[in-house]
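Letter by letter, the chains look like this.
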Amino acid sequence: MRKVNILCVCGAGLGTSLMAKMKVDKLLKEVGLKANVEATDAGSVRGQKVDLIVTTEAISKALGEVSGSKMVTVKNFADNAEFRNSVLPILNEFMEAGE
């Protein structure tokens, strides 16, 4: 099983993306999926090979489609239930696919 590559993206790569990274790490432990998770800014996304991008709606619109990557947008990163309900189904897809 290969490791999944996940980027948590916000405008500057400091606040929201770090919060998202911590939450993604917690969900990964819960489902037992191994992944490389990084927090980054929107300008650093292009050219990276990633399986999943977790970001805000505004950043998602600015990025558009990123070839070969799934994208999850979360309106309120502070809302644990919303974050979980947005990200967990995609992590489960990776688990089922044997990623």
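Whatever comes next refers back to the structure up there.
These notes cover the structure that comes with them. It should be emphasised that the depicted structure is a prediction, and the values quoted were computed from it without experimental measurement.

Below, the discussion takes up the packing of aromatic side chains. Applying the stated criterion across every chain yields a total of 1 aromatic pair. Looking at Lys70, its charged tip hangs above the ring of Phe94, at a distance of 5.9 Å from the centre.

With that settled, consider the sheet that holds strand E3 (residues 52–55). The sheet built from 4 strands is open, its strands ordered E2-E1-E3-E4 with parallel pairing. Edge strands, defined here as strands with exactly one partner in the open sheet, are strand E2 (35–41) and strand E4 (70–73). Geometrically, the sheet is characterised by an average inter-axis angle of 20° between neighbouring strands, direction not taken into account. Taken together, the 4 bridges between strand E1 (residues 4–10) and E3 define a ladder with parallel strand orientation. Opposite Ile6, over in E3, you have Leu52 as the bridge partner. Across the face of the sheet, helix H3 (residues 80–96) comes into contact with E1, E3 and E4 while running at roughly 160° to E4.

With that settled, consider the side chain of Lys23. On the secondary structure map, Lys23 appears in helix H1 (residues 16–31). Buried charge without a partner: Lys23 forms no salt bridge, and the closest opposite charge is Asp79, 7.1 Å away. One polar contact links the side chain of Lys23 to the main-chain carbonyl oxygen of Phe77, over a distance of 2.7 Å. In contact with Lys23, not counting residues within four places along its chain, are Phe77, Ala78, Asp79, Asn80 and Phe83.

So, about the environment of Ala81. Relative to the helices and strands, Ala81 is located in helix H3. The class for Ala81 is partly exposed, based on a relative accessible area of 45%. Spatially, the C-alpha atom of Ala81 lies 23 Å from that of Asn5, the residues being 76 residues apart in sequence.

What counts as what
- Residues numbered from 1 in each chain as written.
- Predicted model: local features only at pLDDT ≥ 70, side-chain atom pairs only at ≥ 80, totals over all residues.
- Heavy atoms only, no water.
- Phe/Tyr/Trp six-rings, centres within 6.5 Å; stacked < 30°, edge-to-face > 60°.
- Lys NZ or Arg CZ within 6 Å of the ring centre and 35° of its normal.
- Pairing = 2+ DSSP bridges.
- Helix = DSSP H or I, 4+ residues; strand = E, 2+ residues; numbered from the N terminus.
- Axes fitted to C-alpha atoms, helices over the stretch in contact; angles between N-to-C directions.
- Contact = heavy atoms within 4.5 Å.
- Buried < 20%, exposed > 50% of the residue type's maximum accessible area, 1.4 Å probe, protein only.
- Lys, Arg positive; Asp, Glu negative; His and termini not counted.
- Salt bridge = Lys/Arg side-chain N within 4 Å of Asp/Glu carboxyl O.
- Polar contact = N/O pair within 3.5 Å; in protein donor to acceptor, adjacent residues only side chain to side chain.

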